[in-house]
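What follows is the residue order along each chain.
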Amino acid sequence: TLVNAFSHDKPHYPPKMIFVNQRMEENTRLLGDLLGKQGGYFYMCGLAVAVPGIDKALKGAMVAESVCTKQGEDAWIAEMKESGRYSQESY
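Please read these numbers as outputs of a predicted model, since none were measured by experiment. (Residues numbered from 1 in each chain as written. Predicted model: local features only at pLDDT ≥ 70, side-chain atom pairs only at ≥ 80, totals over all residues. Heavy atoms only, no water.)

### Observations regarding the nonpolar core
Of all hydrophobic cores here, the largest spans 16 residues; its most connected members are Met24, Leu35, Phe42, Leu58, Met62, Trp76 and Tyr86. Residue contributions to this core peak at six residues, all from helix H3 (residues 51-64). Setting aside chain neighbours within four positions, we find Tyr86 in contact with Phe42, Met44, Ile54, Asp55, Leu58, Ile77, Met80 and Lys81. (Core = buried A, V, L, I, M, F, W, Y, C linked by side-chain atoms within 4.5 Å. Buried < 20%, exposed > 50% of the residue type's maximum accessible area, 1.4 Å probe, protein only. Helix = DSSP H or I, 4+ residues; strand = E, 2+ residues; numbered from the N terminus. Contact = heavy atoms within 4.5 Å.)

### Digging into the side chain of Asp55
Mapping Asp55 onto the fold places it in helix H3. Owing to a relative accessible area of 13%, Asp55 belongs among the buried residues under this scheme. There is a polar contact of 2.5 Å between the side chain of Asp55 and the side chain of Tyr86. In contact with Asp55, not counting residues within four places along its chain, are Ile77, Lys81, Tyr86 and Gln88. (Polar contact = N/O pair within 3.5 Å; in protein donor to acceptor, adjacent residues only side chain to side chain.)

### Focus on helix H4 (residues 73-82)
Turning to H4, its buried residues are Glu73, Trp76, Ile77 and Met80. For H4, the arc enclosing every buried residue in end-on projection is 90°, short of the 170-degree limit, so these residues lie on one face. Residues of H4 that are exposed and point more than 90 degrees away from the buried face comprise Ala75 and Glu82. If you follow the buried residues of H4, they end up packed against helix H2 (28-37), H3 and strand S2 (86-90). Backbone geometry just downstream of H4 places Gly84 in the positive-phi region, at approximately 85°. (Arc of directions from axis to C-beta.)

The quantities given are spatial measurements derived from coordinates; they are silent on function.
Okay, structure coming up:
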């Protein structure tokens, strides 16, 4: 499954820029299924300023899809990173 988020491409720019975290927030069911239920992998490569928004959207999707609780979201993402299922390359 491929979901595009081209922040500076027409017809979205201008006036509206679309970012990856926004697309993630729109697709919580897909993320919950692929990452939470099927044991998928998540690769993030991009600007370091995007990391907080990406992590927030990822945690929000897991909570929304009952993969983890709000209280357990930090532990869930830490386990994803420790197990190698979340790879992050930011600059």
